[in-house]
Amino acid sequence: MEQDFQHSVSLRASRRQDIVLEIQRRKDDEDELFLHKRLNTDFPMRLMWKRGFIRLVLVGGMIWMLLILSVLLFHIWSCQSSGFLFSAAICNKESKVFVVLDSMGFVPKPPHRCTIPVADDAAALYIPKERTPDLIVQNLTYITEDAEMTSGSPLFGDNVSWSMRDESFKLKPNMKVHCGFIRGGGADMDPKDIEYAKRCKFVVASGIFDGYDTSHQPSNISTRSIELFCFLMVVDEVSCDFIKKNVSVRVDSDGGHWVGVWRLVLLKHQPYDEPRRNGKVPKILVHRLFPEAWYSIWVDGKMELIVDPLLILERYLWRGKHAYAIAQHKHHRSIYEEADANKRRKRYARPLIDLHMKIYHYEGMEPWSPLKSTISDVPEGAIIIREHTALNNLFSCLWFNEVHLFTPRDQLSFGYLVYRLKGQFKFHMFPNCEYNSLFLLHPHNREHSSKVEWVKSLNEFKENSKLRESRGGWGLWTPYPVNLDAVELPPVVRTWKAG
């Protein structure tokens, strides 16, 4: 009995222990299940946060790239329009804003040279038989006599009145204009050179004045171009003597003087006392020196042409059906920027450049902006490619008249004439990087300087009349019909240190 009781007690204790263990096991299972459910609930949250962080980084990167692109686009647009004070700080290469943007890589740098897509073979090139028709100006003649001269020698460009100048901008089928070469005004060619030039239909022309440069032989010239083109180097007496003393000169049976492929063409009796103004005679008036030419390529004397001239004509005229081609200036688009650069580098008297620009601004010439139909108002005039049509010849005459009347800085007048002709003069302005691929640039023999370049005020001319040119810049000393004192020049953004 007692044994049965003890066995029952031991069974109860064992069952109680089993129940406790069962309860503990169930509790552990419930805890494990709860933990598993919690883990299953937290995992999508963690995954979502991880994916969200990655997306945030990607979106932030895209926004940063868009911000960089916006800054670049604003920089390009503002520098071209030059309409805001903030853009003036951005475009000014001396400003802190520009330096910061440049250091961050935000400032685009155009290439100095780029590949020119010329034809492969000059020998196989087709030369168009048809000339560009003269539709606007059909007959162009020139004034060669100074009818108003009473005493002294006539001016090479004549005394052009303001009313005659305004009339010359009105295009008509038949026109008679001033175009230099007034009888007795100078720039006389030797008869043997005049006779030789009559055979020249295709011309590569260059010029050296005041011994400023040395002739450079063109390279990469095909046999066909050697036979087709006349290479004519226009020189004054000083340059001719310098070349004969320093370079081997060949004399042919007709008395012509040659340096390599260049035929020297001597201009006697220089029309101006400023060599830079004399150099504009063959540069701009090549159609007057060589009237039988159909096409011409002008190359400044400091340059060595390294592209075949026949390929140049095909690339810049015939391929795009153009009649006039000139390069875009590397740094400036507005003539007022170019004028400021000329003053900074003392290319001519500062007050006379300001007077020149005041006349243009009063006559309606606005600074260049993207709203204009032209790529730029300022060309690189060291290379000019043209067909000698009546309209192109007229443009050259009017361009030279501006150089004769005002400053000898021809780049200041090009865009103004395009504006005055109201879009009727068509031309192709090609990229500056292609322009730099047409030639090798050589240094001048010496630095050119004249007294007029250092004049800072008009009073200096009054105190010393010898500073004033005696035969050029006539319009700067002829009273303008309107008082220009109240004319304010547009503000200039200096986009390049060297000007």
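Everything below is about the structure printed above this text.
Throughout what follows, the structure given in this document is the object of discussion.

Basis of the calculations
Residues numbered from 1 in each chain as written. Predicted model: local features only at pLDDT ≥ 70, side-chain atom pairs only at ≥ 80, totals over all residues. Heavy atoms only, no water. Helix = DSSP H or I, 4+ residues; strand = E, 2+ residues; numbered from the N terminus. Buried < 20%, exposed > 50% of the residue type's maximum accessible area, 1.4 Å probe, protein only. Disulfide = S-S within 2.5 Å. Core = buried A, V, L, I, M, F, W, Y, C linked by side-chain atoms within 4.5 Å. Contact = heavy atoms within 4.5 Å.

With that out of the way, let us pick up unusual backbone geometry. Residue Phe-181 is not a glycine yet carries a positive backbone phi of 55°. When you line up the elements, Phe-181 lands in the loop between strand S2 (174–178) and strand S3 (188–189). The buried category is assigned to Phe-181, whose relative accessible area is 18%. Positive phi, normally seen in glycine, also occurs at His-269, with a value near 60°. With respect to the secondary-structure elements, His-269 resides in the loop between strand S8 (262–268) and helix H8 (275–278).

What follows is about the environment of Pro-479. Relative to the helices and strands, Pro-479 is located in the segment after helix H18 (474–477). Note on Pro-479: relative accessible area 69%, which makes it exposed. Spatially, the C-alpha atom of Pro-479 lies 9.5 Å from that of Trp-162, the residues being 317 residues apart in sequence.

Let us look at the state of the cysteines. In a disulfide, the sulfur atoms of two cysteines are covalently bonded to one another. Considering all chains together, one arrives at three disulfides under this definition. Linked covalently through their sulfurs, Cys-179 and Cys-397 form a disulfide whose S-S length is 2.1 Å. As the torsion about the S-S bond is roughly -80°, the Cys-179-Cys-397 disulfide counts as left-handed. With Cys-179 in the loop between S2 and S3 and Cys-397 in helix H14 (residues 390–405), this pair connects stretches of sequence that are 218 residues apart.

With that out of the way, let us pick up the nonpolar core. For soluble globular proteins, nonpolar side chains are generally found buried alongside one another. Counting 77 residues, the largest nonpolar core has Phe-290, Trp-399 and Phe-414 as its most contacted members. In terms of residue count, the dominant contributor to this core is H14 (10 residues). Residues contacting Phe-290, with those up to four places away along its chain left out, are Met-189, Ala-197, Val-203, Ala-205, Leu-232, Val-234 and His-388. The next biggest cluster of nonpolar side chains, apart from the first, holds 38 residues, and it includes Val-307, Leu-317, Trp-318 and Leu-438.

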